[in-house]
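Letter by letter, the chains look like this.
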Amino acid sequence: MSTSDISSVTNLLAEAKVDKINEVSFKGQSLKLDEAKDALPIVKAIEEAKDVQSLRLEGNTLGVEAAEAIAKALEKRPEFQRARWSDMFTGRLRSEIPPALRSLGGAIIKSGARLVELDLSDNAFGPDGVKAFKELLTSTACYSLQELRLNNNGLGLGGKILAEALIECHKLSTQAGKPLELKVFICGRNRLENPCAIALAKAFKTLKSLEEIAMFQNGINHEGITALAESLVYNKNLKVINLNDNTFTAKGAISMAKSIEHLDKLEVINFGDCLVKSEGAEALADTLKNGVPALKELYLAFGEINSLAAVKIVESLYGKAMEKLDFNGNCLGEDGIEEVKGTLEAADQLDILGSLSDDEGDDEEDDDDDDEYEDVDEDEEDEEGTTIKDPALEVKGTAIIPKKENTQVC
């Protein structure tokens, strides 16, 4: 290797940047931290570390006093970036969680830290919990936030409070010259329903920076889905959209199809168990045929999609670097399954197809089965219920009724 080549490699290595996260982790230790003294091991680890960019507390349970002790240690950590605090209030009273969250959030604000990740998933704090960390979410500490994970918190109407906080944070950070650029928003299993979905859609329009949105299993129907669809257009860098287990119907699916057409970086679409229907699937096929060039994974399981619509979807994927296609639990039928497989095989894409073991069969098969079942019932009724009027076969006479004997009960 020449001297110039060695110099070039040296320069490249010098320019390369490797992000190293210094983390204090007590993940999964099942610690029951009630009082301040119970939190001493965590406090000591925070105080003795050279620097603390990440703190993992999931799989433990924090009381108010323990949280206050940990918070006091965090006040001296301006380098802190990642609060990985999922599942850390197991068995706690609902009233204990908000003050604990306020202590921890207040410490981050006081330290002057700039968060990159905030994960509070699997903590059942509901709307009160959102109110408790709203101050943190609208503070300077979150102007730099890139990942917000709030999965399975029982938010309910707290989703509206969350949406307002995100909009407020964006407004304040923009005024400060550092607009919030949130990239990952995870908020599944939270009973958000339409009102909160609509409120969050407004926040998404404001942010314009999202790369991943996951709002699965939230009881959202086509009204909320349409609002979310309209907001996606504003997030041009979106790569992953997961709305699994909500109720699109054809209306919602058609709205979504119109929106994703403009998302050239979209790689993963998960509309499984969303009842997109055949009409909705055909609308998606029309969009995918000429758009969404970066698509790699498509999930459309359990959507009441027939074989005709499924084949259109498959044909729309020609030329795409697909890795996964999920059609399980739809209404393809045996012939439809063979047609889907044949179409994929012709395009050398058969390996992307997932299991079809839960296919519901096509509509025609169901109709035939119903007709056959009904015919058998009718025949049986004719055999058992027909009255034959033939004088020669009539039985005539006097009915004999036995006399009742007098009985005495002792």
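Summary of the structure given here.

What counts as what
- Residues numbered from 1 in each chain as written.
- Predicted model: local features only at pLDDT ≥ 70, side-chain atom pairs only at ≥ 80, totals over all residues.
- Heavy atoms only, no water.
- Helix = DSSP H or I, 4+ residues; strand = E, 2+ residues; numbered from the N terminus.
- Buried < 20%, exposed > 50% of the residue type's maximum accessible area, 1.4 Å probe, protein only.
- Contact = heavy atoms within 4.5 Å.
- Core = buried A, V, L, I, M, F, W, Y, C linked by side-chain atoms within 4.5 Å.
- 1 Å grid on protein atoms, 1.4 Å probe; cavity = no way out; pocket = protein on both sides within 12 Å on 5 of 7 lines; lining within 4 Å.
- Points joined across faces, edges and corners; volume = space filled by probe spheres on them.
- Nonpolar A, V, L, I, M, F, W, Y, C, P; charged D, E, K, R; others polar.
- Patch = residues over 30% accessible without salt bridge, like charges linked within 9 Å, V, L, I, M, F, W, Y side chains within 5 Å.
- Areas by Shrake-Rupley, 256 points an atom, 1.4 Å probe, with all protein chains shown as cover.
- Salt bridge = Lys/Arg side-chain N within 4 Å of Asp/Glu carboxyl O.
- Lys, Arg positive; Asp, Glu negative; His and termini not counted.
- Charge placed at Lys NZ, Arg CZ, Asp CG, Glu CD.
- Pairing = 2+ DSSP bridges.
- Axes fitted to C-alpha atoms, helices over the stretch in contact; angles between N-to-C directions.
- Phe/Tyr/Trp six-rings, centres within 6.5 Å; stacked < 30°, edge-to-face > 60°.

**Focus: unusual backbone geometry**
Despite not being glycine, S30 shows a phi value in the positive range, around 55 degrees. Along the chain, S30 falls in the loop between strand 1 (23-25) and strand 2 (32-33). Accessibility expressed as a relative area gives 62% for S30, which makes it exposed. Despite not being glycine, E193 has its phi angle at roughly 55 degrees, a positive value. Among the secondary structure elements, E193 is positioned in helix 7 (residues 193-207). Using a relative accessible area of 45% as the deciding quantity, one classes E193 as partly exposed.

**Section: the side chain of N328**
Tracing the backbone through its elements, the reader meets N328 in the loop between strand 13 (324-326) and helix 12 (333-346). Note on N328: relative accessible area 10%, which makes it buried. If near-sequence neighbours (up to four positions away) are discounted, N328 is found in contact with A301, F302, S355, L356, S357, D358 and D359.

**Some thoughts on the nonpolar core**
Counting residues in hydrophobic clusters, the biggest one holds 114 residues, and the most contacted among them are I70, W85, L162, F185 and F271. Of all the elements, helix 7 adds the most residues to this core, at 8 residues.

**Examining empty space enclosed by the protein**
As enumerated under the stated definition, the model contains 1 cavity of 30 Å³ or more in all. One number sums up the size of the largest cavity: a volume of about 40 Å³. Along its surface, the largest cavity is lined by W85, L101, L104, G105, L118, L120, F133 and L136. Elements supplying a minimum of two residues to the lining of the largest cavity: helix 4 (97-111) and helix 5 (126-137). Here the lining of the largest cavity is built from residues that sort into 7 nonpolar, 1 polar and no charged.

**Considering a negative patch on the surface**
Residues E315, E334, D335, E338 and E339 make up a contiguous surface patch of negative charge. Relative to the helices and strands, E315 is located in helix 11 (residues 307-316). Judged by relative accessible area, which is 41%, E315 ranks as partly exposed.

**Observations regarding the sheet that holds strand 12 (residues 297-299)**
The strand order 1-3-5-6-7-8-9-10-11-12-13 describes an open sheet built from 11 strands, whose pairing is parallel. The open sheet is flanked by strand 1 and strand 13, the only strands paired with a single partner. Mean inter-strand twist for the sheet, computed between neighbouring axes without regard to direction, equals 5 degrees. Summarising the sheet, strand 1 and strand 3 (residues 54-56) pair through 3 bridges and their orientation is parallel. Looking at strand 3, one finds that E23 is bridged to S54.

**Considering the packing of aromatic side chains**
In this description, an aromatic ring pair is defined by two values, namely the gap between the centres and the angle between the planes. For the structure shown, the criterion picks out 4 aromatic pairs. Pairing F125 with F133 gives two aromatic rings, centres 5.9 Å apart and planes at 70 degrees, and the pair type is edge-to-face. You'll find F125 and F133 in the same group, each marked buried. Plain terms: the ring middles of F248 and F271 are 4.9 Å apart, the flat faces sit at 50 degrees to each other, and that makes the pair tilted. One end of the pair, F248, is in the loop between strand 10 (240-242) and helix 9 (249-260); the other, F271, is in the loop between strand 11 (268-270) and helix 10 (277-290), and 23 residues separate them in sequence. Take F248 and F271: they sit in the same class, and that class is buried.

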